[in-house]
Amino acid sequence: MGSRRGQVPATLLLLACLVYFALPLAWLVIASTKSLGDLFSTFGLWFAEFNLLDNVAETFSTDDGVYWLWMRNTLLYALVSAVGAAMLAALGGYGFAKYDFRGKEILFWCVLGSVMVPTTALAIPTYLMFSRLGLTNTPLAVILPSLVSPFGIYLMRLYAEAAVPSELIEAARLDGASEWHIFRKIAFRLLAPAFVTVLLFTFVATWNNYFLPLVMLSEPRWYPLTVGLAHWNALATAGGGATAAFNIVICGALISILPLILAFALLQRHWRTSEPSMPATGR
Amino acid sequence: MADATGRRDAHGRHQLAGLAFTLPFMGLFLAAFAAPLLYALYLSLFRERLVGGRAFVGLEHYVEGLTDEAFLGGVARVALFLAVQVPIMLALALLFALVLDSGQARLANLFRVGVFLPYAVPTVIAALMWGFLYGRDFGPIADVADRLGVTAPDFLGEGVLLWSIANVATWAFTGLNTFILLTALRAIPREVYEAAAVDGAGAVRTALHVKLPLLRPALLLCTIFSVIGAFQLFAEPRIFFAIAPQVIGKAYTPNLYVFNLAFSDQRLNYAAALSFLLGAVVFAVSFAVMYASRRLVAR
């Protein structure tokens, strides 16, 4: 394809950038193998005495093994939110794509416009409402808001318009199938690729979320990994100097990103060929 | 006659079915989005008093916000941030996407994975990691600088910190934007390229004159999402507060300020008003971006 003239500069450019993207992660791996003392006293980009197993053991035993709970919570919040959001988006997107009802377009644009509302504008009143309902500091406080995925509705509607032929629906109706039956037996299968995309994006977005759980949860036993590690880091920094447990913050950070990195590497093929998708926002 | 009635019945039934399919989502949307938003609007118009309870103050909080230097300073800071960081990040993402799509580079698969990996790292963890990298105590950048006999810049200092945060955001989000642009490029029918090749266009000319114009919708999408993200910067400054408390303070970004007002100062009503002002800014800037992009297309 084309000339080979551009190959060398293009490859060099990509290599330089690859170093930029990979180096921080390489540092994290190296730093995870060091004892607290070696972190301060040895060269950052090379190994010292191998202390990884001790760091891992310390990470999982600190504060009565609260790290296990953070892992469980993260998985719970991400999994339930992802499956729920994808189901709701499949139902809603199909409804928006294949039916006409009064106020449809207005509703749809309200949903899309909602991505512009700052997370704080929602988090404060949601916190107040949830606290009145006794939901704060429970998993539901994190999961319920995460189920609303405007991006999911948008993607599903586009996808359903293209992937579910109206003739197929009409034919099924003539055969006497109910609307629900048509969705469950015919449309849902055709929507599967978009369903997986919404599932993955919501999973990653909830896994990475920080603001919402920070606002909603007050007890460490309900924290996800992000809030928990930030909590440990603040404690370590406040402790200062060599008394601070930076080694478990670093090792905990490494362990926390391994599942998603492994999943991405394995799913690379799928992500490359999947439907056009949009990002989950939030920084 | 009977037929017409039957059709109307069918139509009505379909209307109901359509509503029923969207109901679960819309119900939750109303409960977890619309209701809190209205509640926040209500809160922003009142003041809590120790004696006498809640008092209506109208737009007082909004007026206060428009003259609050901490708030305006934060908005100006993130505006500066996005004016610099978003173009750099999107230019990088565009370059990567075009190079990867052109098939002109070796190691393309390795690079695709490498550039996308940071997306698997939560922003909080990215900020923690870069915080260590920037640090003087055991940061490798300071180590390398020491070995070279020079002093590393103070990444956490007053003038530099914003760009240190911009670097974290660029590191974390370039891959996602590359992914979106690459997906959009893959959706362009191959015949378009073949036509360009027949006309004698090389890889670079094809990229600039054929692919770039077709990428405009995807680029607009990336820009809007980056703008929304930049105005909501929170995790990075919140994490960096631990290592640079003097520089970050309580109002480095608008979201951080609103968070601190609401949850440390208990000024929930004022915080609600500020988040609406911030929302208005996000809205205005997003529309300005869309308008500018439409003007560009029209030319």
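Cut-offs and rules
Position numbers for residues count from 1 along each chain, tracking the sequence in the order it is written. For naming, the first written chain is A and the first written ligand is 1, with later ones following in the order written. Given that this is a predicted model, residues contribute local features only at a pLDDT of at least 70 and side-chain atom pairs are listed and counted only at 80 or more, while totals for whole chains, interfaces and linings are drawn from all residues. Helix numbering and strand numbering both begin at the N terminus, where a helix is a DSSP run of H or I of at least 4 residues and a strand a DSSP run of E of at least 2. This radius of gyration counts C-alpha atoms alone. The globule rule is 2.2 Å times how many residues there are, raised to the power 0.38. A pair of residues counts as a contact when their C-beta atoms, built from backbone coordinates, are within 7 Å of each other. Expected span, for any helix, means 1.5 Å times one less than how many residues it has. A residue's bend is given by the angle between axes fitted to the 7 residues ending at it and the 7 residues starting at it. With C-beta atoms placed from the backbone, the exposure class of a residue follows from how many other C-beta atoms lie within 10 Å of its own: 20 or more, buried; 12 or fewer, exposed; in between, partly exposed. Polarity classes work like this: nonpolar for Ala, Val, Leu, Ile, Met, Phe, Trp, Tyr, Cys and Pro, charged for Asp, Glu, Lys and Arg, and polar for all others, with Gly in that last group. Segmentation of the chain into domains, including their bounds, is taken from an automatic or database domain assignment.

*Asks:* Would you mind going over the overall build of chain B with me for this structure?
*Replies:* Each helix and strand in chain B was counted, giving 14 helices and two strands. Rg of the C-alpha trace for chain B: 25 Å, well past the compact-globule value of 19 Å for 299 residues, more than 25% over. Of the contacts made within chain B by residues no fewer than 6 positions apart, 70% connect residues no fewer than 24 positions apart.

*Asks:* Explain helix α7 (residues 161-186) of chain B here, please?
*Replies:* Residue pairs three or four apart in sequence face the same way in an α-helix, which turns once every 3.6 residues. Residue and element names in this part refer to chain B. With 26 residues, α7 ought to run about 38 Å at 1.5 Å a step, and its terminal C-alpha atoms sit 38 Å apart, in line with that. Where α7 bends most, at Phe173, the angle is about 40°. For α7, the tally of buried residues reaches 20 of 26 residues, placing the bulk of the element in the interior.

*Asks:* Can you walk me through the interface of chain B and chain A in this structure?
*Replies:* Size of an interface, as often reported, equals the accessible area lost when the parts are brought together. Taken together, the contacts link 84 residues of chain B with 79 residues of chain A. Broken down by element, the residue count for the side of chain B that touches chain A peaks at 19 residues, all from helix α1 (residues 2-44) of chain B. For the side of chain B that touches chain A, the per-class residue count stands at 63 nonpolar, 18 polar and three charged.

*Asks:* Honestly, the environment of Phe50 of chain A in this entry has me stumped. Any pointers?
*Replies:* Take Phe50 of chain A: it is sitting in the loop between α2 (36-41) and α3 (52-98). Along the chain, Phe50 of chain A and Ser32 of chain A lie 18 residues apart, while their C-alpha atoms are 9.2 Å from each other.

*Asks:* Sorry if this is basic, but what is going on with the domain arrangement of chain B here?
*Replies:* Residues and elements named next belong to chain B. Along its sequence, chain B is organised into domain 1 (2-44) and domain 2 (60-298). Using C-alpha coordinates to define each centre, domain 1 is positioned 36 Å away from domain 2. The partner domain 2 presents seven residues to the four residues of domain 1 that form the contact. When its residues are assigned to classes, the side of domain 1 that touches domain 2 shows three nonpolar, one polar and no charged.

*Asks:* Honestly, unusual backbone geometry in this entry has me stumped. Any pointers?
*Replies:* Excluding glycine, a negative phi dihedral is what most residues carry, and trans is how most peptide bonds are arranged. One non-glycine residue with positive phi stands out, namely Asn137 of chain A, at about 60°. Within the secondary structure, Asn137 of chain A sits in the loop between α5 (119-132) and α6 (139-146).

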